[in-house]
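Examining the three-dimensional arrangement
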Amino acid sequence: TQQEYRRLLASARDAVPGNSISTDDMVGFPGETDDEFAQTISFVEHMEFSKLHVFRFSRREGTRAAAMPNQVSGKIAQERSRRVIELGAHLEHTFNRRFVGEEMEVLWERGEILGSHRRWTGLTDNYIRCCTETPVEVDLTNQVTGSRLIATVPGGIRGDVDGVTVPRLIQPDSTNSSEFTVLGS
């Protein structure tokens, strides 16, 4: 039940503060009513997931679901999907923002050369996508470094790697000092 799930997540959050809890959400399954969709939105908002993976039901001939009554129209399913994706982006941003100013370890996975600099992406131990830049000669591939998380960016967070002078390819958004825009992306 929803109540049991709430208790389970509360226990997980108490046991591991700052953990990232994501969920998968399918919208537009046959029989999904407007009220049920509203309940889903309410539940997802209340649970404050760090990330949502949203899937729109896709009818496949020959499956039991394809023969079910009360198929949700593609237009309605598409709008529901858009709303849940938008909610997911908001929840992810809210979760990530909690860590601005924190020092966390980041496993750096990929670096893209951009002239004399590299743009790196990696993950914190609680699965926040982190990005940074370094001079081109710095190789962080598969390295775990301490990083000061300095601002949210779309889909993640900006970090400064301890001990590395960082060029500023990621610039502050003038409307909010803790929001950044990635240049050249």
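Residues numbered from 1 in each chain as written. Predicted model: local features only at pLDDT ≥ 70, side-chain atom pairs only at ≥ 80, totals over all residues. Heavy atoms only, no water.

Overview of the pairing of strand 3 (residues 103–114)
- Taken together, the 5 bridges between strand 3 and strand 6 (residues 144–153) define a ladder with antiparallel strand orientation. Within strand 6, the position partnered with E105 by the bridge is G146.
- Here 8 bridges tie strand 3 to strand 4 (residues 117–124), and the two strands are oriented antiparallel to one another. Counterpart to V106 in the pairing with strand 4 is T124. (Pairing = 2+ DSSP bridges. Helix = DSSP H or I, 4+ residues; strand = E, 2+ residues; numbered from the N terminus.)

Digging into helix 3 (residues 74–97)
- For helix 3, spanning 24 residues, the distance from its first C-alpha to its last is 34 Å, which sits close to the expected 34 Å at 1.5 Å a residue.
- Buried within helix 3 are the following residues: A77, R80, S81, V84, L87, G88, L91, E92, F95 and N96.
- Those residues of helix 3 hidden inside the fold are in contact with strand 1 (22–27), helix 2 (34–47), strand 2 (51–56), strand 6 and strand 7 (156–161). (Expected span 1.5 Å × (residues − 1). Buried < 20%, exposed > 50% of the residue type's maximum accessible area, 1.4 Å probe, protein only. Contact = heavy atoms within 4.5 Å.)

Concerning the environment of L87
- You can see L87 is positioned in helix 3.
- Each C-alpha atom of the pair L87 and K51 lies 9.5 Å from the other, and the pair is 36 residues apart in sequence.
- Residues within four places of L87 in sequence aside, it is in contact with I41, V44, E45 and L52.

Thoughts on unusual backbone geometry
- Even without glycine at this site, N70 takes up a positive phi of about 60°.
- Mapped onto the fold, N70 is located in the loop between strand 2 and helix 3.

Section: the confidence of the model for the chain
- Averaged over every residue, the pLDDT of the chain is 89; the share at 70 or more is 89%.
- In this model, residues 172–185 is a region of pLDDT below 50 whose contacts with residues beyond four sequence positions or in other chains number 31 contacts. (pLDDT = per-residue confidence, 0-100.)

With respect to the nonpolar core
- Of all hydrophobic cores here, the largest spans 13 residues; its most connected members are V44, F49, L52 and V84.
- Mapped by element, the contributors of at least two residues to this core are helix 2 and helix 3.
- No other element matches helix 2, which puts 5 residues into this core.
- In contact with F49, not counting residues within four places along its chain, are Y5, L9, R13, I21, S22, T23, V44 and L91.
- Grouped together as the second largest cluster of nonpolar side chains are 12 residues, F99, W120, I128 and L149 included. (Core = buried A, V, L, I, M, F, W, Y, C linked by side-chain atoms within 4.5 Å.)

A word on helix 2
- Taking 1.5 Å per residue, 14 residues should reach 20 Å; helix 2 reaches 20 Å between its end C-alpha atoms and fits that length.
- Residues of helix 2 that are buried: F37, I41, F43, V44 and M47. Seen from one end, helix 2 has its buried residues packed into an arc of 165°, which puts them on one side. In this structure, helix 2 carries D34, D35 and H46 as exposed residues pointing more than 90 degrees from its buried face.
- At its buried positions, helix 2 is contacted by helix 1 (2–15), strand 1, strand 2 and helix 3. (Arc of directions from axis to C-beta.)

Concerning the packing of helix 2 against helix 3
- The N-to-C vectors of helix 2 and helix 3 enclose an angle of 10°; their axes lie 11 Å apart at closest approach. When the axes of helix 2 and helix 3 are compared, the pair comes out roughly parallel. Contact with helix 2, carried on its side by D34, F37, I41, V44 and E45, involves R80, R83, V84, L87 and L91 of helix 3 and no other residues of that element.
- Residue composition of the contact of helix 2 with helix 3, grouped by class: 6 nonpolar, no polar and 4 charged. (Axes fitted to C-alpha atoms, helices over the stretch in contact; angles between N-to-C directions. Parallel < 35°, antiparallel > 145°, perpendicular 65-115°, else oblique. Nonpolar A, V, L, I, M, F, W, Y, C, P; charged D, E, K, R; others polar.)

What about the pairing of strand 5 (residues 129–135)?
- Among the 7 residues that make up strand 5, 5 are buried, leaving the element largely enclosed by the rest of the structure.
- As defined by bridge partners, strand 4 adjoins strand 5 across 7 bridges and the pair is classed as antiparallel. The residue bridging R119 from the neighbouring strand is E133, located in strand 5.
- Connecting strand 4 to the antiparallel partner strand 5 that follows it, the hairpin turn spans 4 residues, and Y127 within it adopts a positive phi of roughly 65°.
- Bridge count for strand 5 against strand 7 is 2 bridges, and the pairing is parallel. Following the sheet pairing, C130 is matched in strand 7 by I157.

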